[in-house]
Amino acid sequence: MSIPASTGPTDPAATTTPAPDTTPTHAAAAVPGAEVVRAVVKEVPDKVSADGLEAKFDERWTAEQTFAFDRTRTRAEVFSIDTPPPTVSGSLHVGHVFSYTHTDIVARYKRMRGLEVFYPMGWDDNGLPTERRVQNYYGVRVDLSLPYDPDFTPPFEGTDKNVKAADQVPVSRRNFIELCERLTAEDEKEFEVLWRRLGVSVDWAQTYQTISDSSRATAQRAFVRNFQRGEAYQAEAPGLWDVTFQTAVAQAELEARDYPGHFHKVAFHKAGGEPVYIETTRPELIPAAVALIAHPDDERYQHLFGTTVTSPLFGVEIPVLAHHLAEPDKGAGIAMCCTFGDLTDVQWWRELQLPTRSIINRDGRITRELPEWLTGGPGAELFEAEVAGKTTFSARKAIVEALTASGDMPTEPVATQRKANFFEKGDKPLEIVTSRQWYIRNGGRDQELREELLARGKELDFHPDFMRVRYQNWVNGLNGDWLVSRQRFFGVAIPLWYPVDASGEVDYAHPIVPAEEALPVDPTSQAPAGYTEEQRGQAGGFVGDADVMDTWATSSLTPQIVGGWERDQDLFERVYPMDLRPQGQDIIRTWLFSTVVRSHLENKVLPWKNATISGWILDPDRKKMSKSKGNVVTPMDLLVEHGSDAVRYWAASARLGTDAAFEVGQMKIGRRLAIKVLNASKFALSFGGGAGSEIALDPAAVTVSLDRSMLAGLAGVVEQATAALEAYDHTRALELTETFFWTFCDDYLELVKDRAYGAGADAADITPETASARTALAIALDTMLRLLAPYLPFATEEVWSWWREGSVHRAPWPVAEPLRAAGGAADPADLAAAGHALAALRKVKSEAKASMRTPIVAASLAVPAASLTAVETAVEDVKAAGRVTGPLDLLTAAEGQGDPAVQGGIVVTTSELGEAPPRNKG
């Protein structure tokens, strides 16, 4: 029987590890009769240090391709990860370090379990965050009317200030895209430097960009197929619009925020009757009113249902209707429906088949033309003079002044905080504007598809499982399809053109679709097949769709993009469907759900088997860290100050799905652990004679009960830690391993070091007792390095390099059976009992304020009956570690004599201290 060493290949293509079963383990696990592994200590440094290990091993791992993916392995032998591509819009923050560490722990563990890990890295380049950064960084903005300038030089080459739109230099779309590509390339280099410093074990040959040609082709191919199957469609409809960024916004991108406003009590008039008062926060939309609506059960308004009233100032006749969404206990209980003030207005408009009277343009201003329904009315002059072309703020002020003057607003406005919808990256409330947009069906308006997507959610293993309800709630709460078109510039183009008829009208109902082999295409600069560029915009010619896709429309295809879908079928079959999607809890509704939608529609499968959901990082005030709040911490400074192993330890100390406080103190504990690994390992390797000495990891040589007890305890740790990691509970596995490691250092090392030295490190012949200690130390060190490797990759690799071949990260994950066999029938509690006995002896010295090197001439220990045999068996080690030079009597403790919580109930009943040895002044 033997504990195997790792001689894992540095070239993954040369691996000979056999295919794993459903719970894979390396075939190198010890079996009876296997050859005893012999390791040779190469060199142990005189002084250990955790500094500089990151650069040292990043260089080695790169040169030796330690984490390169071997694509000759079958799908059953592969563990594939759909790595989140961080948004390239400035810098990474400590939240990224937190969640990516969790993923890397899984990757390193699965690799050691014998699976070939497909672990790519992507960069999410396209989208609004990149555009905003480029606008500020270079001080530019897009003007679609401008031609391309090949010699353009931006006014800035990096600024920390937000450059106002009025001060930004206008450039062509093509010039702007070139600046986006230039800046993202620079950011990606910095990101890679940080990830390497952290020790993220991705295969750097497997990287991608969401704006690259292959990603664009993938996204456009999927969209074209969605369109051809009827899953993508175009519609002219009211939708959420961000007036700052001039783009439509999807439901998944909304944030409800408190927004200050005022309730205005306004009178609508009924012929021959009393005014009907409503309360509104948006009186500027009175010209767009199409109905008054109350709850069907509200007795106050029963007599009004089916009648009409006229709007104040403008005299437009509108109906009074009933709908269950009206809130009787809110305001006056009757609401003004206008097209469109909020999403409820849209629902009322759709379900009650109301007319469309939109007055807000895409720029957020009131229409400059007098609407047809106001023409000839009493408010036409007011609208043209005071409202048309104004911002909603200015229009509101003008309308309120007019209502006050007319007597239609009898009371002063009342201040309130209202909930308003914002684009998650925007600063102003969203408006609802009617426009032509592209949608992909997602179950929001299709009950059958909704049920299918809910079923997919049940198939997926969420870690932690309670995150599943967030997916279910989102799907059940959808009220519309996924809006995927955006009126932006740096993104994947909608791959369509539209014919222009003989009269010059654009025929949106019959798009011109490119052939898949022609993808990717840019309809704004390329002509479709059968046309020439001279026909663009001409009668009988074509126009290109000017919109780009929502960034999630590309990111939702990351498994297909990185897996080589329709581009590299051999790779795709080895990695898809993938095993793991790691991500944050806040993008379950966007990235996770949209990826499930695309995979379900295209591939008819779930895109991955597991989803690990990280919590948030909280600042000292228990608020979520985010760039927008300005409370993030720069991770590189942390990695430099504390070391990457220390920062990883802090991240690993938080469970999945649980928010964690940013704690430098926890990083300091992690650094202490990494340094202790180095020092304890140096100590454990010093007993055999130093560099050039051979260590045989032969469990048959472990004959002393205390040594066997330690290995039996370690077997339990391996078993439990493995089970925890299989369940994606990295924190539990770390807790178990770390607890055992400190017991090993504080108790076992101290108890056996005299016996391990034996007659001297250079002695040709050593006793079986010394051999037992040295072998047990080596086996334990070998095992604990592998247990800690996913968490502390640099410190463990450093120690591994002192005495083992290859990388610890390609070594087999330890298994419990050979350790348990080596421990025999030993009880893990025996080591604890011996440790308590040693602690009791040391307590005597502490209370006497004596040095730990002070001998104890004689002592008596009262030991609980349950621990007496264990202490008796280890008494020689206890005496040596406690510096007991005379007799050490062991007595059975009387009932209630010792506190079980203190040193296991072991107490020193009598003791005599000798003379402290002189201090070594050398």
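Please read all numbers here as calculations on a predicted model, not as lab measurements.

Go over helix H4 (residues 173-198), please, and point to the residues and values.
Look at H4: 37 Å from first C-alpha to last across 26 residues, which is about the 38 Å you get at 1.5 Å a residue. Positive phi shows up at Gly-199, right after H4, with a value of about 90°.

Mind laying out the nonpolar core, listing which residues take part and the relevant values?
Looking at soluble globular proteins, one finds that nonpolar side chains tend to be buried together. Core analysis: the biggest nonpolar cluster contains 90 residues, and Phe-744 and Trp-803 have the highest contact counts within it. Here this core gets 13 residues from one element, more than from any other, and that element is helix H19 (residues 730-757). Once residues lying within four places of it in the same chain are set aside, the contact partners of Trp-803 are Ala-39, Val-40, Val-41, Lys-42, Leu-685, Ile-695, Leu-697, Ala-778, Leu-781, Asp-782 and Leu-785. If you look at the next biggest cluster of nonpolar residues, it comprises 72 residues, including Phe-118, Tyr-137, Tyr-439 and Leu-449.

Report on unusual backbone geometry, specifying residues and quantitative values.
Residue Phe-340 follows Thr-339 across a cis peptide bond; omega there is 10°. Examined against the element boundaries, Phe-340 turns out to sit in the loop between strand S15 (334-338) and helix H6 (343-351). Pro-577 follows Tyr-576 through a cis peptide bond whose omega is -5°. Along the chain, the position of Pro-577 falls in the loop between helix H13 (569-575) and strand S24 (578-584). Non-glycine residue Arg-883 carries a positive phi angle of around 60°. Inspection of the secondary structure puts Arg-883 in the loop between helix H25 (875-882) and strand S30 (888-892). Assessed through its relative accessible area of 30%, Arg-883 is described here as partly exposed.

Mind laying out the packing of helix H9 (residues 447-459) against helix H10 (residues 468-477), listing which residues take part and the relevant values?
Direction vectors running N to C along H9 and H10 enclose 175°, while the axes themselves pass 10 Å from each other. Taken together, the axes of H9 and H10 are roughly antiparallel relative to one another. Contacts between H9 and H10 pair Arg-450, Leu-453, Leu-454, Arg-456, Gly-457 and Lys-458 from the former with Arg-468, Tyr-471, Gln-472, Val-475, Asn-476 and Gly-477 from the latter.

Go over H6, please, and point to the residues and values.
Along H6, the residues that are buried comprise Asp-345, Val-346, Trp-348 and Trp-349. Looking straight down H6, one finds that the buried residues subtend no more than 165° of arc, so they occupy a single side. The inward-facing, buried residues of H6 abut strand S8 (232-242), strand S12 (289-294), S15 and strand S17 (431-440). Measuring from the backbone nitrogen of Thr-344 back to the side-chain oxygen at the start of H6 gives 3.1 Å, which picks out Asp-342 as the cap. Once H6 finishes, Gln-353 follows within two positions and takes phi at roughly 55°, a positive value.

Could you give an account of the sheet that holds strand S11 (residues 276-280), with specific residues and numbers?
Strand order in the open sheet formed by three strands is S11-S10-S16, with antiparallel pairing between adjacent strands. Since the sheet does not close on itself, it has two edges, and those belong to S11 and strand S16 (414-423), each with one partner. In this sheet, adjacent strand axes meet at a mean angle of 35° when their direction is disregarded. Sheet topology places strand S10 (residues 254-268) next to S11; five bridges connect them, and they run antiparallel. For Phe-268, the partnering residue across the bridge sits in S11 and is Val-276.

Help me get a handle on the packing of H4 against helix H15 (residues 635-642), residues and values and all.
Remark: H4 packs on H15, axes separated minimally by 10 Å, with the N-to-C direction vectors making an angle of 35°. Once H4 is placed against H15, the crossing between them reads as left-handed. Mapping the contact onto sequence places Val-193, Leu-194, Arg-197 and Leu-198 in H4 and Pro-635, Met-636, Leu-639 and Val-640 in H15. The class makeup of the residues in the contact of H4 with H15 is seven nonpolar, no polar and one charged.

Tell me about the environment of Phe-98, and please be specific about residues and values.
As for its position among the elements, Phe-98 is in helix H2 (residues 94-112). For the pair Phe-98 and Phe-662, spaced 564 residues apart in the sequence, the C-alpha separation amounts to 9.7 Å. Beyond its immediate stretch of four places on either side in the chain, Phe-98 contacts Gly-615, Ile-617, Trp-650, Ala-651, Ala-654, Thr-658 and Ala-660.

Give a description of the side chain of Glu-738 that names residues and reports values.
Within the secondary structure, Glu-738 sits in helix H19. The side chain of Glu-738 is buried and forms no salt bridge, while Arg-672, the nearest opposite charge, is found at 6.6 Å. Among the polar contacts made by the side chain of Glu-738, one reaches the side chain of Tyr-649 at a distance of 2.9 Å. If sequence neighbours within four positions are ignored, Glu-738 has contacts with Tyr-649, Ile-669 and Leu-673.

Requested: an account of the pairing of S17, with residues and values cited.
On any regular strand, side chains alternate: one points to one face of the sheet, the next to the other face. Most of S17 sits inside the fold, with eight of its ten residues counted as buried. As defined by bridge partners, S8 adjoins S17 across ten bridges and the pair is classed as antiparallel. Paired with Ala-237 across the bridge in S17 is Ser-435. Relative to strand S19 (residues 482-483), S17 runs antiparallel, the two being bridged by two bridges. For Ile-440, the partnering residue across the bridge sits in S19 and is Trp-482.

Cut-offs used in this document
Residues numbered from 1 in each chain as written. Predicted model: local features only at pLDDT ≥ 70, side-chain atom pairs only at ≥ 80, totals over all residues. Heavy atoms only, no water. Helix = DSSP H or I, 4+ residues; strand = E, 2+ residues; numbered from the N terminus. Expected span 1.5 Å × (residues − 1). Core = buried A, V, L, I, M, F, W, Y, C linked by side-chain atoms within 4.5 Å. Buried < 20%, exposed > 50% of the residue type's maximum accessible area, 1.4 Å probe, protein only. Contact = heavy atoms within 4.5 Å. Axes fitted to C-alpha atoms, helices over the stretch in contact; angles between N-to-C directions. Parallel < 35°, antiparallel > 145°, perpendicular 65-115°, else oblique. Arc of directions from axis to C-beta. Polar contact = N/O pair within 3.5 Å; in protein donor to acceptor, adjacent residues only side chain to side chain. Pairing = 2+ DSSP bridges. Left-handed = near helix turned anticlockwise from the far one by under 90°. Nonpolar A, V, L, I, M, F, W, Y, C, P; charged D, E, K, R; others polar. Lys, Arg positive; Asp, Glu negative; His and termini not counted. Salt bridge = Lys/Arg side-chain N within 4 Å of Asp/Glu carboxyl O.

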